[in-house]
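Spelled out, the chains give:
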Amino acid sequence: EINAQQRCPEGGSSVTLFDRFQFGLQCRNPLPQPGTGPRPILPPTTPPPVESFFVPLEPDPPAPCPPKPNCPKTIERFYRPDGSCNNLLDGRKGKAGQPHKRLLPADYSDGKALPRRGQGNRDLPSARIISTTMKEVVRRESPDKTNFGVIWGQFITHDITDTPVIDREGRGIDCRCGTRDPGCHNVDVPFNDRFFVEEGRTCLPLVRSQPVPDIECNTDVRQTKNDITPYLDAGTVYGHSQFQLDELLDKTSPIGELKTGQLHPHGFSPPHAPSLPLVTQVHSSLRDVACPFGVHKPQNVPCFVGGDVRANENPALASMHTLLVRLHNKLVKDLSNLNRNWDKTRLINTARLIVSAVVQRVTYKQFLPELLGPTYMKRFDLELNEEGYWYGYDSSYDATTSNAFITAVLRVGHTLVNPELSRSSPNFGTQGTTLNLKTSFFDSNPLLTTDQGGANSILRGLTKDAAEIMDSTIADDLQNFLFAPQDFLGSDLLSLNLQRGREHGVPSYNAFRVFCGLKRARRFSDFTEIPRNRQRKLEGLYRNVDDVDLYIAGISETSVPGGLLGPTFACLAGYQFRDLKKGDRLWHENGGAFTVFTPAQLEAIRQYTLSKVLCDNLNDMRSVQPNPFLQTTVRGNSRVPCYQIPQLNLEAWRSGESEPPFPESVKHEFTSWFPATHDDKTLTCTQVHNELLANRPDDVCSQVLGFEERTVNGKKQVRFSCAAGSIRATDYPNVDASKGVWGDWEDISTPSGRKQDDDESLDSQTSTCEGPIAIQVHTLGGTPARETGEVFRKFSVTAGFLCMGNDQRNGRCQDYQVRYFCKKIGRSTRNPPPNTPAPSSAFVWTNWLSVDRPSGDGDQEYLFNVVSRNGFCRHPVQIEARTVRSHIPASFTGDIFTAFSHTIGLECRNIIQPSRRCNDYEVRYRCRSTDINGLVPLRDFPSFLPPDVQRRKQELCSGFGVCCA
Ligand code: HEM
């Protein structure tokens, strides 16, 4: 057992990692102090006799499978602390403690659990050698981005993922150099390492992540877990369990305030600018926050406690936690003043929804655009609506974090960190000394002593300090001094990132290139997304292109236009952030059955910005730039006085009868253009719509708001207008990697001759795909099909792809490649795959079913409540509803529905009916006969249009001149 009193013989003390943040003692000599003369070079520490400490021969067994949550039959409208039941189809998805998902099968050297190795089972190069070799000589700062955005990145990271490492009976593992403990995967340090040789280090210790079974409790392949919920639900403020939340809440507060610091050793911290609480203020079981004794300062004051265990890791991060805790406390105060009758739980839940909405908006409006640039934001449906609700919630999207994302993609933030944290006064002059990361890890002094501004000056400083640029380099403070105790070297975060990826069995960069639709590289020069000089370095490091680690190649790529990430990371981040948005039933913009805010509340939240949060919650804050993630020199981003920044209009939360139930406006978006001719016969708009509903349902919504026509080469084409978020089609299909695999890209035909068609229809293909699940199409140059603007005749997993030259304005199609996501890739046959389209006549109606009565809130006939019954299908194409007693069709009853669609079912809320009561309904669905008894993804968009949307539809229709029947 290590304790803080232990000392090393010659005054030298040091640390060894027991887990990611906890340390034990390992003795070595201190580095020379300036003026103390040259320090003797120590012989490398000889590995300790391994027998001297306990080394299990067997790997740690996976933790037991967590129990299934018991989810209610009604829809809850608040975040549960542990994230359970957010996903209506499977309440385990997104729950704290579930395994990270995999986008590609694990790549373990033994196929099961041992860290990835190189091709031919050869050693991969030492992660430390990669880290030092790839380092750029010059440290470069971003010309326009601030360090605020970087620390925000860390803050939301800690809202999304926390991967625990093995912890044997609360004691961690001793991973000292030379150990053969299978729970360790230490990084080898080369004997000539410029830095670590000074201390005679031969390794950087790394404890492996805790092994867990997969979500179905299979233990054959090692998985790793996320201790927290992946949702952007402000878990950093509220924690990830009810117990934790209860402990963070101030029990003496009747309005649900969170605890703030009580102990101020230096007597500072005025009451209106409180700090985080200290660990002594919570139950002892919550005291194991990450806060290593050898590094934490001041030693006589306990660490802070926040919603996330890593809150103390650096003062800027702790300041961000402080800001959001203050926001919560301000919100509950203001809400309770507005609604004297609200109980504590309602105040807390409502404040949490608002805080989460702020976190979501800042992330998707200010953070992600800088990371991904406009093309990827659009491609993955990450842009936020400017007005109205968004109808993109889809329960088939799984918010769970992927291993690739958490071990590589999001760790791109490590390259952006500026290790110098300046402190700014309210006038943005200097207020106190600049903090250096390497001496500030786990240091709470800067937040406790307010003579230098506490969290206030640190956060203001972040709005001025430049971020570093994205490259294959991280600051020295992280590369050599990570968590170093005074006068010593620490660890290397870049090495740890690489090593972590390997021990999680994350496949190589090349595999993810293919996953993202880029070309599989055969040689290093095929890594065309990586600049030549870095390509050469990689070639010097790795023996084989298939060995290259995802992280190092990802941070070496050239940025996509307008963003920071390269194409592979932008694609992987696009997938994950789309899952976090479309897979979150409580996403703040959700409309219809999943609405969390009234239109007025949503509008109020849209007006509320991070700048105002800073104005509202920092001491003596007078001005700030509109986007704190960008420098004030960026056009339109000069500082503005706080009073000019719109405040949060909490009036929208005043309880009353007048809450408007429906969107005041629905933002609409257009589908692609579709040919409106068949065998030279012109189809009506309704015929085109019906055909699309039957054959390409993802490309169109069921309830169109309007349509437009045009003529190309003498032939009619139409496109439809749908509620924003209700068009499901995407060039990057949402596929579950555990259910199938992508086949190779195929290019059967090339546009040529008079017709210039590209016919990639399934029946004309040599297909190896068994059980196609999804289709992906791009041009030979890699542009996703729907982004080309060309018009397609076929584009579905059952029919394949067909582009006809005559449908295009220039008379020719580009050359496309097609690939399928399949249950299995079989052997090549000349026959069409077994899954040929079902004849469209083969539809059946399910039985009529009623699962709810209009008592309580109303009548809720959700599809998710019946999917497990026999006779329900994966993709119903139609819904019908009627009253239970008299069989009056729903559309004739005069009731107003918040949901009535084949993807969600029916929802009628009593409160919004003129009579205050809904009828009792039963529903049935029309399904493809081949599709009975699968799971149904839930999306919701108004298929029964509320009155104001009806009005909007009429406006649109009259604008178009014609209306779809
Ligand atoms: C400011 C200084 C930062 C420090 C000292 C730091 C330190 C660390 C450490 C020690 C780990 C665990 C490494 C391992 O053993 O695998 C880690 C993980 C991680 N970091 Fe950072 N980090 C910082 C900033 C950031 C930023 C800015 C981002 C993103 C924008 C980020 C994203 C991540 C992610 C995604 C993980 C994996 C988390 C998990 O799943 O547990 N970090 N970081």
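To keep things clear, this report deals only with the structure shown in the data block. (Residues numbered from 1 in each chain as written. Predicted model: local features only at pLDDT ≥ 70, side-chain atom pairs only at ≥ 80, totals over all residues. Heavy atoms only, no water.)

**Re the sheet that holds strand β23 (residues 843-845)**
Here comes step 1: Pairing in this open sheet of 3 strands is antiparallel, and the strands run β23-β28-β25 from one edge to the other. Only two strands of the sheet have a single neighbouring strand rather than two, namely β23 and β25 (878-883). Strand-to-strand twist in this sheet, taken as the mean axis angle between neighbours without regard to direction, amounts to 20°. (Pairing = 2+ DSSP bridges. Helix = DSSP H or I, 4+ residues; strand = E, 2+ residues; numbered from the N terminus. Axes fitted to C-alpha atoms, helices over the stretch in contact; angles between N-to-C directions.)

**A short note on the packing of helix α5 (residues 315-338) against helix α19 (residues 610-617)**
Here comes step 1: One way to put it is that α5 packs onto α19 with a least axis distance of 10 Å and a crossing angle of 80°. Our classification of the angle between α5 and α19 gives roughly perpendicular. Between α5 and α19, the contacting residues are Leu323, Arg326, Leu327 and Lys330 on the first element and Val613, Leu614, Asp616 and Asn617 on the second. (Parallel < 35°, antiparallel > 145°, perpendicular 65-115°, else oblique. Contact = heavy atoms within 4.5 Å.)

**Some thoughts on the packing of aromatic side chains**
Here comes step 1: In total, this model carries 29 aromatic pairs according to the counting rule given.
Here comes step 2: When the centroid spacing of 6.2 Å and the interplanar angle of 45° are considered together, the rings of Trp152 and Phe629 count as tilted. Pair noted here: Trp152 is in helix α2 (residues 147-160) and Phe629 is in the loop between β9 (623-624) and β10 (640-641), with a separation of 477 residues, a long-range link.
Here comes step 3: Taking relative accessible area as the criterion, Phe629 reaches 2% and is therefore assigned buried.
Here comes step 4: For the pair Phe707 and Phe720, a centre-to-centre distance of 6.5 Å together with 40° between the ring planes defines the contact as tilted. Separated by 13 residues along the polypeptide, Phe707 in strand β15 (residues 706-712) and Phe720 in strand β16 (residues 715-723) bring together distant segments of the chain.
Here comes step 5: Feature note: the residues Tyr376, Phe380, Phe512, Phe515, Tyr575 and Tyr732 constitute an aromatic cluster, connected by ring pairs.
Here comes step 6: For the cation-ring pair, Lys438 lies above Phe481, with the distance from its terminal atom to the ring centre recorded as 4.1 Å.
Here comes step 7: Positioned above the aromatic ring of Trp742, the side-chain terminus of Arg819 is 4.5 Å from the ring centre. (Phe/Tyr/Trp six-rings, centres within 6.5 Å; stacked < 30°, edge-to-face > 60°. Buried < 20%, exposed > 50% of the residue type's maximum accessible area, 1.4 Å probe, protein only. Lys NZ or Arg CZ within 6 Å of the ring centre and 35° of its normal.)

**Examining the sheet that holds strand β18 (residues 758-761)**
Here comes step 1: Reading across the sheet, the 3 strands line up as β18-β21-β20 and stay open at both edges, with antiparallel pairing between neighbours. Unpaired on one side and paired on the other, β18 and β20 (792-796) mark the two borders of the sheet. In this sheet, adjacent strand axes meet at a mean angle of 15° when their direction is disregarded.
Here comes step 2: Relative to strand β21 (residues 800-803), β18 runs antiparallel, the two being bridged by 4 bridges. Bridge pairing in β21 links Asp759 to Leu802.

**Brief notes about unusual backbone geometry**
Here comes step 1: The omega torsion across Lys297 and Pro298 is -10°, close enough to zero to call that bond cis.
Here comes step 2: On the secondary structure map, Pro298 appears in the loop between α4 (242-248) and α5.
Here comes step 3: Phi is positive for Asn121, close to 55°, though the residue is something other than glycine.
Here comes step 4: Inspection of the secondary structure puts Asn121 in the loop between β2 (23-25) and α1 (127-133).
Here comes step 5: The class for Asn121 is partly exposed, based on a relative accessible area of 47%.
Here comes step 6: Non-glycine residue Asp620 carries a positive phi angle of around 55°.

**A closer look at the coordination of the iron atom of the ligand**
Here comes step 1: Protein coordination of the iron atom of the ligand rests on one atom only, His414 (NE2), at 2.1 Å.
Here comes step 2: Here His414 shows up in helix α8 (residues 413-416). (Donors = N, O, S within 2.8 Å, 3.2 Å for Na, K, Ca; no water.)

**Comments concerning the pattern of salt bridges**
Here comes step 1: Across all of its chains, the model carries 51 salt bridges by this definition.
Here comes step 2: The residue Asp162 makes a salt bridge to Arg310 at a minimum N-O spacing of 3.7 Å. Of this pair, Asp162 sits in the loop between α2 and β4 (187-188) while Arg310 sits in the loop between α4 and α5, placing them 148 residues apart in sequence. Here Asp162 and Arg310 have matching classes, each one buried.
Here comes step 3: Of the charged contacts in the structure, one is a salt bridge between Arg176 and Asp174, with a shortest N-O distance of 2.5 Å. (Salt bridge = Lys/Arg side-chain N within 4 Å of Asp/Glu carboxyl O.)

**So, the pairing of strand β24 (residues 858-862)**
Here comes step 1: When you tally the buried positions in β24, you get 5 out of 5 residues, the bulk of the element.
Here comes step 2: Bridging between β24 and strand β27 (residues 905-909) involves 5 bridges; their strand directions are antiparallel. Looking at the pairing, Tyr862 lines up with Gly905 of β27.

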